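Given next are the chains, with one letter for each unit.
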Amino acid sequence: EKLVADIVESVVNAVDVPVTLKIRTGWDQDNRNGVTIARIAENAGIQALAVHGRTRADAYKGDAEYDTIAEIKSRISIPVIANGDISSPEKAREVLDKTGADGLMIGRGAQGNPWIFREILHYLETGELLAQPEVTEIKQVLIEHLQNLYDFYGDYSGVRMARKHIAWYSKGLRNGNAFRQEMNLLEMPHQQLQFTRDFFEHIQEQQGFQAA
């Protein structure tokens, strides 16, 4: 805890911009010191605190717990952002109600599903669930995402980085497993892009046939 205080104070004192911090609830189930660390952070000048509802030892195993986040929220005055296993609008509402947090941080729930943010916002504002995105929109967003990956990482690394994103976007789609297996054999950006277009166009054709 002394080291945490030293690090946080050093960063806050070194910059002229607001500093935020993300923590877990402790280092293992028997040592949840999230409240203590939260107070250290607030006293050091941290402006907002994100809390993942697992300990370091938990990694990503088991279910996130929110009681510690709720306790942290009740003990400090800076904004608290809840994080961990928020994968649906209903879960977002549940976590906000249980923790009293000022906001939510979405991690794995957004992998291949960038629509989760608008879905959560709509549900929190109206209590209604949005319809799932159309295949055309999934295709458009994925193609743009892939192109951004190639531009940022270059062809070699971009293609390899793209594979996991393609897997996330195609999860739950018809013939998605076969699509992912063949996709992992492709080595060039233009091959990935064309194969992705062909896959989604085939889905659209099937949907059009079924509708007719």
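Above this text you will find the structure in question.
Described in the following lines is the structure provided in the data block. In this numbering scheme, every chain counts its residues from 1 along its sequence in written order. Per-residue local features are limited, in this predicted model, to residues with pLDDT of at least 70; the limit for side-chain atom pairs, both in listing and counting, is 80 or more; totals at the level of whole chains, interfaces and linings are taken over all residues. Side-chain metrics in this entry use all non-hydrogen atoms of the structure; hydrogen atoms and water are not considered.

Here's the deal with the overall build of the protein
(1) Moving on: Secondary structure follows DSSP: runs of H or I at least 4 residues long count as helices, runs of E at least 2 residues long count as strands, and numbering of each begins at the N terminus. Helices and strands together make up the secondary structure of the protein, namely nine helices and four strands.
(2) Moving on: Reading the protein from its N terminus to its C terminus gives the helix and strand order α-β-α-β-α-β-α-β-α-α-α-α-α.
(3) Moving on: Viewed in the frame of its principal axes, the protein has a C-alpha envelope of about 60 × 40 × 35 Å.
(4) Moving on: Type-normalised accessible area, obtained with a 1.4 Å probe on protein chains alone, sets the label of each residue: buried when under 20%, exposed when over 50%, and partly exposed for intermediate values. Within the protein, the proportion of its 212 residues that are buried is 40%.
(5) Moving on: Of the roughly 12,300 Å² of accessible surface on the protein, a fraction of 50% belongs to carbon and sulfur atoms.
(6) Moving on: A positive count includes Lys and Arg, and a negative count includes Asp and Glu. His and the chain ends are not counted in either. Charge coordinates come from a single atom per side chain, which is NZ of Lys, CZ of Arg, CG of Asp or CD of Glu. In the protein, 23 positive and 30 negative side-chain charges are present, and the distance between their average locations comes to 4 Å. Only the protein chains shown count as covering a residue, and every accessible area follows the Shrake-Rupley method with a 1.4 Å probe.

Examining the pairing of strand β1 (residues 20-24)
(1) Moving on: Any two strands are treated as partners once DSSP identifies two or more bridges connecting them. In this structure, β1 lies alongside strand β2 (residues 48-52), joined through five bridges in parallel fashion. Residue pairing in the sheet places arginine 24 in a bridge with histidine 52 of β2.
(2) Moving on: Crossover connection from β1 via helix α2 (residues 34-44) to parallel β2: handedness right-handed. By convention a crossover is right-handed if, when the strands point away from the viewer, the path from the first strand over the helix to the second runs clockwise.

What about a nonpolar patch on the surface?
(1) Moving on: On the surface, Leu3, Ile7, Val11, Val15 and Val17 cluster together into a nonpolar patch covering about 440 Å² of accessible area.
(2) Moving on: As for its position among the elements, isoleucine 7 is in helix α1 (residues 2-14).
(3) Moving on: The exposure class assigned to isoleucine 7 is partly exposed, which follows from its relative accessible area of 46%. Patch construction takes residues with relative accessible area above 30% that form no salt bridge. Like charges are linked within 9 Å, and nonpolar side chains (Val, Leu, Ile, Met, Phe, Trp, Tyr) are linked within 5 Å. Put simply, a salt bridge is a Lys or Arg side-chain nitrogen that is within 4 Å of an Asp or Glu carboxyl oxygen.

As for the packing of aromatic side chains
(1) Moving on: Any Phe, Tyr or Trp ring, taking Trp's six-membered ring, that has another such ring centre within 6.5 Å forms a pair; planes under 30 degrees apart are called stacked, those over 60 apart edge-to-face, and the others tilted. On inspection of all chains with the given rule, the structure shows five aromatic pairs.
(2) Moving on: Residues tryptophan 115 and tyrosine 169 carry aromatic rings whose centres are separated by 6.2 Å and whose planes lie at 90 degrees to one another, so their mutual orientation is edge-to-face. In this pair, tryptophan 115 is assigned in the loop between β4 (103-105) and α5 (116-126) and tyrosine 169 in helix α7 (residues 155-170), connecting sequence segments 54 residues apart. Of the two residues, tryptophan 115 and tyrosine 169, neither departs from the other in class, the shared state being buried.
(3) Moving on: Consider the rings of phenylalanine 152 and tyrosine 153, whose centres lie 5.0 Å apart with planes at 80 degrees: the pair is edge-to-face.

Let's talk about α1
(1) Moving on: A helix's residues, less one, multiplied by 1.5 Å, set its expected span. Here α1 is 13 residues long and its end C-alpha atoms lie 18 Å apart, about the 18 Å a rise of 1.5 Å per residue gives.
(2) Moving on: Among the residues making up α1, those that are buried are Ala5, Val8 and Val12. In a view along the axis of α1, the buried residues occupy a sector of 75 degrees, so they form one face of it. Away from its buried face, by an angle of more than 90 degrees, α1 presents the exposed residues Lys2, Leu3 and Ala14.
(3) Moving on: Only heavy atoms enter the contact rule, under which two residues are in contact if any of them lie within 4.5 Å. Structurally, α1 contributes buried residues whose contacts are with β1 and α2. By construction, the arc corresponds to the directions joining the helix axis to the C-beta atoms.

Thoughts on the packing of α7 against helix α8 (residues 176-183)
(1) Moving on: Helix axes are fitted to C-alpha atoms over the stretch in contact, other axes to C-alpha atoms as well, and angles between N-to-C directions run from 0 to 180 degrees. One can describe the packing of α7 onto α8 by two numbers: an axis separation of 10 Å at closest approach and a directional angle of 170 degrees. Classed by the angle they form, the pair α7 and α8 counts as roughly antiparallel. Packed against α7, whose contacting residues are Arg163, Ile166, Ala167 and Ser170, the element α8 presents Gly176, Phe179, Arg180 and Met183 at the interface.
(2) Moving on: Under the scheme applied, nonpolar residues are Ala, Val, Leu, Ile, Met, Phe, Trp, Tyr, Cys and Pro; charged residues are Asp, Glu, Lys and Arg; polar residues are all the others, including Gly. Among the residues forming the contact of α7 with α8, the class breakdown is four nonpolar, two polar and two charged. These descriptions rest on fixed angle ranges, namely under 35 degrees for roughly parallel, over 145 for roughly antiparallel, 65 to 115 for roughly perpendicular, and the rest for oblique.

Considering the pattern of salt bridges
(1) Moving on: One pass over the structure, following the stated rule, counts twelve salt bridges.
(2) Moving on: Between glutamate 65 and arginine 32 there is a salt bridge, and its shortest N-O distance comes to 3.3 Å. Linking glutamate 65 in the loop between β2 and α3 (67-75) with arginine 32 in the loop between β1 and α2, this pair joins segments that are 33 residues apart in sequence.
(3) Moving on: Classification of glutamate 65 as buried rests on a relative accessible area of 19%.
(4) Moving on: Here aspartate 97 ties to arginine 93 by a salt bridge, and the two come within 3.2 Å at their closest N and O atoms.

Distances and angles like these do not, on their own, reveal function.
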